[in-house]
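Structure at a glance
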Amino acid sequence: MSTGRERTASGPFLDTAVTYLTGVGPARADALRRLGIFTARDLFFHIPHRYEDASTITPIARLRIGSDATVIGTVVSKGIIPTRKGLRVFQAVLQDSSGLIEASWPGQPFLDRTIKKDDVLLLTGPVRFFHGRQLVPREHINLGVGESGTGGGRVLAVYPATDGLSFRQIRALIEKHLDQYLPLFKEYIPVALLAAANVPSIGEALVSVHRPTSLADAYRGRSRLAYEEFLFVHLLQLRTKSLAREARVGLQFSNRRDLTSKLKQSLPFELTSAQMRATREIVADMCSDRRMHRLLQGDVGSGKTVVALFAALLAMENGYQAAMMVPTELLAEQHARTFTTMLAPLGISPLLLTGTLSAKARKAAANRLASAEPVLAVGTHALVQEGTQFAKLGLAIIDEQHRFGVEQRNMLGKKGNSESRPDVLLMSATPIPRSLALTLYGDLDVSVLDERPPGRLPVTTARRPEQAREKVYEFVEMQIAAGRQVYVVLPLIDESDKVALRAATKAFEELSGGRFAHRRVALLHGRQAAEDKDDTMRRFRDGAIDLLVATTVIEVGIDVANATIMLIEHPERFGLSQLHQLRGRVGRGAEESFCILLGDVSPESAERLDIFVATDDGFAIAEADLRLRGMGDLFGERQHGEAMFKIADPVRDAELGEVARDGAEQLLAADPMLMSRDHKPLHDILHRRYARALELFRVG
Ligand code: ADP
Ligand code: MG
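Remember, predicted model here, so these are calculated numbers, not experimental data. (Residues numbered from 1 in each chain as written. Chains lettered and ligands numbered in written order. Predicted model: local features only at pLDDT ≥ 70, side-chain atom pairs only at ≥ 80, totals over all residues. Heavy atoms only, no water.)

1. Details of the overall build of the chain
- Helix and strand counts for the chain stand at 23 helices and 21 strands.
- Across the chain, contacts joining residues at least 24 apart in sequence account for 74% of those joining residues at least 6 apart.
- For the chain, the computed accessible surface area is about 30,900 Å², with 53% contributed by carbon and sulfur atoms. (Helix = DSSP H or I, 4+ residues; strand = E, 2+ residues; numbered from the N terminus. Contact = heavy atoms within 4.5 Å. Areas by Shrake-Rupley, 256 points an atom, 1.4 Å probe, with all protein chains shown as cover.)

Here is the structure:
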C-alpha cells in the first residue's frame, strides 16, 4: 500500500519523515515540526490534550448561571459591541437543538474576522448573568461549518495545534494514516508489566487515544502512554544511578571542625534546623569516598548561601579550593561581599573572578587559583573559561543552577586535576516537591531547606484591577517619598520578543516622562549589554535609582534590602513559580514590603493568580504551577528543551509512576543492561527516545 511518495517501494516506516506522508506539503511539514513532529511515529504520539463527548457537553437550555460549562452550538448571529469604557466586545449567539445563548469575548474584537455565521463552536467557560444568561469563553474551538462535533455519541478529540495547522487538520492527518501504520507498532514492553499496571498494548492504546469510543476508552489509552514514559524515565535513572555510584569515586575530606566551627561561632545568627540538616548531609557526602552530587533546594530567602559556605570551608580546611559559580556579575559581587563579611573573623578573604575584572586583577586571581592555595573563588562563567586553572579544586558549587546550560554546569565539575574530580553542589530556588525531585534528578541526592530564617516579615501580596492603577501609583509615590525603591516588572517570554520589549520600553518612557518624571527611573532588559545591565543594577542597589522598570532579568537572587514594592504588569503571563521568585526580590529588609499584580485578567487567570496571592509557600506554589501549567513553566527552557514527560503528569499520575518504578526495578534486577533478546526492542526504543535526556542530569 505505497502512497507513491514514500521513499522506498517496500512500504511505510515509522521513521518516515512527515514530508513523505500524503497530505503533507512543505508548509505543513514546517507546522508539524513546530509541534515537535518529525516522523510518522511522532505523529501518532501526538495525542489529544482534551476530549469532549456528550457527557462533558451541556445542552444550552440547561446552562445554569454560576456554573462552568462546555457547549457546542452554531453561530446564528454575531457582531462587535462597544462598551461605555471603550472596550470592544465580540459577541455571538449560539444555538443547539435545545436553545440559544449569548457568548461574549471582552477586548477581542478581532475574533469577528475568524468566527463566521453558521460556524460550529465549542466553548468552555463560566455562565453569568448579563441581560440574561451569557457565557464568557475561557477557551473556544471553531469546529467549522456543519461539523456536529460529538453528535451520535462520538468523542471529539482535540489536539494541540499551531499556526497554520488546526486541530482538525491534525486529526484528519492521523485518521488518514493510522490504519496503514498501526501494524508497525510492535509491543516492546513485557506483557507481565503491562498486566501489572493494568494498561493496554501499544496498538490498542494508539487506537484508543485517536479514535476513542468513550472518554473512558481514551483515558485508558492515554494511561498506557503515560505508563511507558514513567517506565522509561525510571529505567534510565535507575541505570544511570547505579552506574554513577560505581564510577563516582571522589575526594574524601575529613571533618576537622576547624574553619567550620569558627564560622559557626562568628555567625550573627543561629542556623535553622533545616540548614543544620542540609549541612550535615553535605558534610557526610564530602567525607565519604564517593563523589558528591547534591542538589540543595530551598525557597528564596531560605538561606542556601551560608550552607554552601560551610561546605566550602570544609574543603578549605582540608587544603582544597572551592569555587562558586553564579549566573550574573552582580550576584557574584553580592556573594563576594557577603563572604568577605562572614569570613573576616576567620582571616579569610574570598576571591572574585568575573569577566569585567581588569587584566591585572584577573592575572592575580588566576595566579592564586593556580597556586594550590586553599581559597574560595566566587565568580561567573569566567570560572570555567579556558584560561582559568585550579590547582586543587575540591568543591564546585553552582548557584541558581537552572540558569546555566548543562555544558556550563558540567564544566565546573571537570575543573581541577584529572585524578580526582571535585565534589559538586548544585543550588536552586525553584522548589520541587520531593517525590518529583527524585524523578527529575534521579542521579542526584537532594537536600531541602523547608524552613525560613526567623524574623522575616511576609510580603503583603495583592491583585489590583486596571481601574486601580492611579491608586497604585499613589502608593508607589508614597513609598518612594519615604526613601524606598520600587521594581516594575513586565513579562518577556524570550529575548527575541520584540513586542514585549517595546512594551517595556514604552512603560519606561511613560513612567519616566509622566507620572514619575520627578523621580529617578531606569530601564533594565535582557537585550542590553551585560555591562549596562550590571551598571543599572549596581546603581539601583546603591540607591541611585528610585524606580526600576525591568523584564524578568531581575529574577535571579539579587538582594536590595531597601526595595519594598514589586509591581508586576500582565501578571497572567507569568508562571506562579516565576511570580514567587519575583516576590522574593522584596521583603529583604526591615520595612514592610508589597507585591502588587496589576491589570485586568480573565476569570481563569484570576483563579490561578489568587493561589499565589494567598500563599507564601514556594513548595505549594510550585505544586499548583505543575498541576495547572505543566512542567515546562517550572523550569527555564534551557534545562528542559526536551521534556522528559510529554504525556504523563508526574503529579496527577503519581500512582502510575510508582507502579512503573516497581516495573523498572524488576526489569533491571532480571536483566541489568536490558540486553536479552526479549528486552532488545525496549532497549532500542529507550535509547532512541531519550538520547539527550540521558545527558541532561549528569554532572561532570
Ligand atoms: P537564598 O536561599 O535565597 O539564597 P540567602 O542565602 O541569600 O537565601 O539568605 C537570605 C538572607 O537570610 C541573607 O541575608 C542571610 O544572611 C540570611 N540568613 C540565612 N540564614 C539565616 C538564619 N539562620 N537566621 C537569620 N538569617 C539568616
Ligand atoms: Mg541565593
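2. Digging into the nonpolar core
- Residues Leu395, Tyr487, Met537 and Ile554 are the most contacted members of the largest nonpolar core, which totals 70 residues.
- Looking at this core element by element, the count peaks at 11 residues for helix H10 (residues 304-317).
- Looking at which domains feed residues into this core, each of domain 2 (259-288 + 301-428) and domain 3 (460-615) gives three or more.
- If sequence neighbours within four positions are ignored, Met537 has contacts with Leu330, Tyr487, Leu524, Leu548, Ile554, Ile558 and Val560. (Core = buried A, V, L, I, M, F, W, Y, C linked by side-chain atoms within 4.5 Å. Buried < 20%, exposed > 50% of the residue type's maximum accessible area, 1.4 Å probe, protein only. Domains from an automatic or database assignment.)

3. With respect to the site of ligand 1
- By nearness alone, 14 residues border ligand 1, and Glu270, Gln275, Gly301, Lys304 and Thr305 come closest of all.
- The contact in question runs from an oxygen atom of ligand 1 to an N or O atom on the backbone of Gly301, over 2.6 Å.
- In this structure, Gly303 approaches ligand 1 through a main-chain N or O atom, which is 3.1 Å from an oxygen atom.
- When isolated, ligand 1 has an accessible area of 570 Å², and the protein chains bury 78% of it.
- The residue makeup of the shell around ligand 1, split by class, is four nonpolar, six polar and four charged. (Near = heavy atom within 4 Å. Polar contact = N/O pair within 3.5 Å; in protein donor to acceptor, adjacent residues only side chain to side chain. Nonpolar A, V, L, I, M, F, W, Y, C, P; charged D, E, K, R; others polar.)

4. Brief notes about helix H19 (residues 603-614)
- Taking 1.5 Å of rise per residue, 12 residues should cover 16 Å, and H19 covers 16 Å from first to last C-alpha, within 8% of that figure.
- Looking only at H19, the buried set comprises Ser605, Ala606, Arg608, Leu609 and Phe612. Projected down its long axis, H19 shows its buried positions confined to an angular sector of 165 degrees, all on one face. For H19, the exposed residues lying more than 90 degrees away from the buried face are Glu607 and Ala614. (Expected span 1.5 Å × (residues − 1). Arc of directions from axis to C-beta.)

5. Focus on the packing of helix H11 (residues 329-343) against helix H17 (residues 530-541)
- The N-to-C vectors of H11 and H17 enclose an angle of 40 degrees; their axes lie 9 Å apart at closest approach. Looking at the two axes, H11 sits oblique to H17. Contacts between H11 and H17 pair Glu329, Leu330, Glu333 and Arg337 from the former with Asp534, Met537, Arg538 and Arg541 from the latter.
- Partitioning the contact of H11 with H17 into residue classes produces two nonpolar, no polar and six charged. (Axes fitted to C-alpha atoms, helices over the stretch in contact; angles between N-to-C directions. Parallel < 35°, antiparallel > 145°, perpendicular 65-115°, else oblique.)

6. Some details on the confidence of the model for the chain
- In the predicted model, the chain carries a mean pLDDT of 85, and 87% of its residues have values of at least 70.
- In this model, residues 631-642 is a region of pLDDT below 50 whose contacts with residues beyond four sequence positions or in other chains number 29 contacts.
- Low confidence marks residues 695-700, where pLDDT is under 50. Its contacts with residues over four positions away, or in another chain, come to 23 contacts. (pLDDT = per-residue confidence, 0-100.)

7. Here's the deal with the sheet that holds strand S19 (residues 547-550)
- Read across the open sheet, the six strands follow the order S16-S21-S20-S17-S19-S18; overall the sheet is parallel. Each edge of the sheet is formed by a strand with only one pairing partner; in this case those strands are strand S16 (460-464) and strand S18 (521-524). The average undirected angle you get between the axes of adjacent strands in this sheet is 20 degrees.
- Bridge count for S16 against strand S21 (residues 594-598) is five bridges, and the pairing is parallel. In the strand pairing of S21, Arg464 is matched with Leu598. (Pairing = 2+ DSSP bridges.)

8. Brief notes about unusual backbone geometry
- Positive phi, normally seen in glycine, also occurs at Ala372, with a value near 65 degrees.
- Relative to the assigned elements, Ala372 resides in the loop between helix H12 (359-370) and strand S12 (376-379).
- A relative accessible area of 35% places Ala372 in the partly exposed class.
- Its identity as a non-glycine residue notwithstanding, Leu674 has a phi of 55 degrees, on the positive side.
- Turning to its location among the elements, Leu674 is positioned in the loop between helix H21 (654-670) and helix H22 (680-689).
- Judged by relative accessible area, which is 0%, Leu674 ranks as buried.

9. A few points about the environment of Gly125
- Structurally, Gly125 is set in strand S5 (residues 119-129).
- Residues Gly125 and Ala69 lie 56 residues apart in sequence; the distance between their C-alpha atoms is 5.7 Å.
- Dropping the residues within four chain positions of it, Gly125 is found in contact with Ser67, Asp68, Ala69, Leu135, Val136, Pro137 and Arg138.

10. Examining the packing of aromatic side chains
- Tallying each qualifying case throughout the model produces 10 aromatic pairs.
- With centroids separated by 5.6 Å and ring planes inclined at 85 degrees, the aromatic side chains of Tyr473 and Phe516 adopt a geometry described as edge-to-face. With Tyr473 in helix H15 (residues 469-481) and Phe516 in the loop between helix H16 (498-515) and S18, this pair connects stretches of sequence that are 43 residues apart.
- Grouping aromatic residues by their ring pairs yields a cluster made of Phe44, Phe45, Tyr181 and Phe185.
- Looking at Lys392, its charged tip hangs above the ring of Tyr320, at a distance of 4.6 Å from the centre. (Phe/Tyr/Trp six-rings, centres within 6.5 Å; stacked < 30°, edge-to-face > 60°. Lys NZ or Arg CZ within 6 Å of the ring centre and 35° of its normal.)

11. Re the environment of Thr341
- Looking at the element boundaries, Thr341 is found in helix H11.
- On a C-alpha basis, the gap between Thr341 and Leu267 in space is 10.0 Å, while along the polypeptide they are 74 residues apart.

12. Observations regarding the side chain of Asp96
- Mapped onto the elements of the fold, Asp96 is located in strand S3 (residues 88-96).
- Buried within the structure, Asp96 lacks any salt-bridge partner; its nearest side chain of opposite charge belongs to Arg133, at an N-O separation of 8.0 Å.
- In this structure the side chain of Asp96 is engaged in a polar contact, spanning 2.7 Å, whose partner is the backbone nitrogen of Ser98. (Lys, Arg positive; Asp, Glu negative; His and termini not counted. Salt bridge = Lys/Arg side-chain N within 4 Å of Asp/Glu carboxyl O.)

13. Concerning the pairing of strand S20 (residues 563-569)
- In terms of burial, S20 is largely enclosed, as seven of its seven residues are buried.
- Relative to S20, strand S17 (residues 485-489) runs parallel, the two being bridged by five bridges. Within S20, the position partnered with Val488 by the bridge is Leu567.
- Pairing of S20 with S21, which is carried by five bridges, proceeds in the parallel orientation. Residue pairing in the sheet places Ile568 in a bridge with Leu597 of S21.
- In this fold, the crossover linking S20 to S21 by way of helix H18 (residues 576-583) has right-handed handedness. (Right-handed = clockwise from strand over helix to strand, strands pointing away.)

14. Considerations on the sheet that holds strand S10 (residues 321-325)
- Read from one edge to the other, the open sheet built from seven strands follows the order S11-S12-S10-S13-S14-S9-S15, with strand pairing classed as parallel. In the strand order of this sheet, the two ends are held by strand S11 (351-353) and strand S15 (445-449), each with one partner. Between one strand axis and the next, the sheet turns by 20 degrees as a mean value, whatever way the strands run.
- Strand direction decides the pairing type here: S10 and S12, joined by four bridges, are parallel. Paired with Met324 across the strands is Val378, a residue of S12.
- The strands touched by H11 are S10, S11 and S12; relative to S12, the strand with the most contacts, the crossing angle is about 155 degrees.
- Docked against the sheet, H12 engages S10, S11 and S12, running at close to 120 degrees with respect to S11.

15. Describing the pattern of salt bridges
- Following the criterion strictly, the structure yields 33 salt bridges and no others.
- A salt bridge links Glu228 to Arg224; the nearest nitrogen and oxygen atoms lie 2.8 Å apart. Here Glu228 pairs with Arg224, and both are found in helix H7 (residues 215-247), just four residues apart, close to one helical turn.
- Owing to a relative accessible area of 1%, Glu228 belongs among the buried residues under this scheme.
- Of the charged contacts in the structure, one is a salt bridge between Arg484 and Glu591, with a shortest N-O distance of 3.7 Å. In this pair, Arg484 sits in the loop between H15 and S17 while Glu591 sits in the loop between H18 and S21, placing the two residues 107 residues apart along the sequence.
- Overall, the relative accessible area of 18% leaves Arg484 in the buried class.
- Residue class for Glu591 comes out partly exposed when judged on its relative accessible area of 39%.

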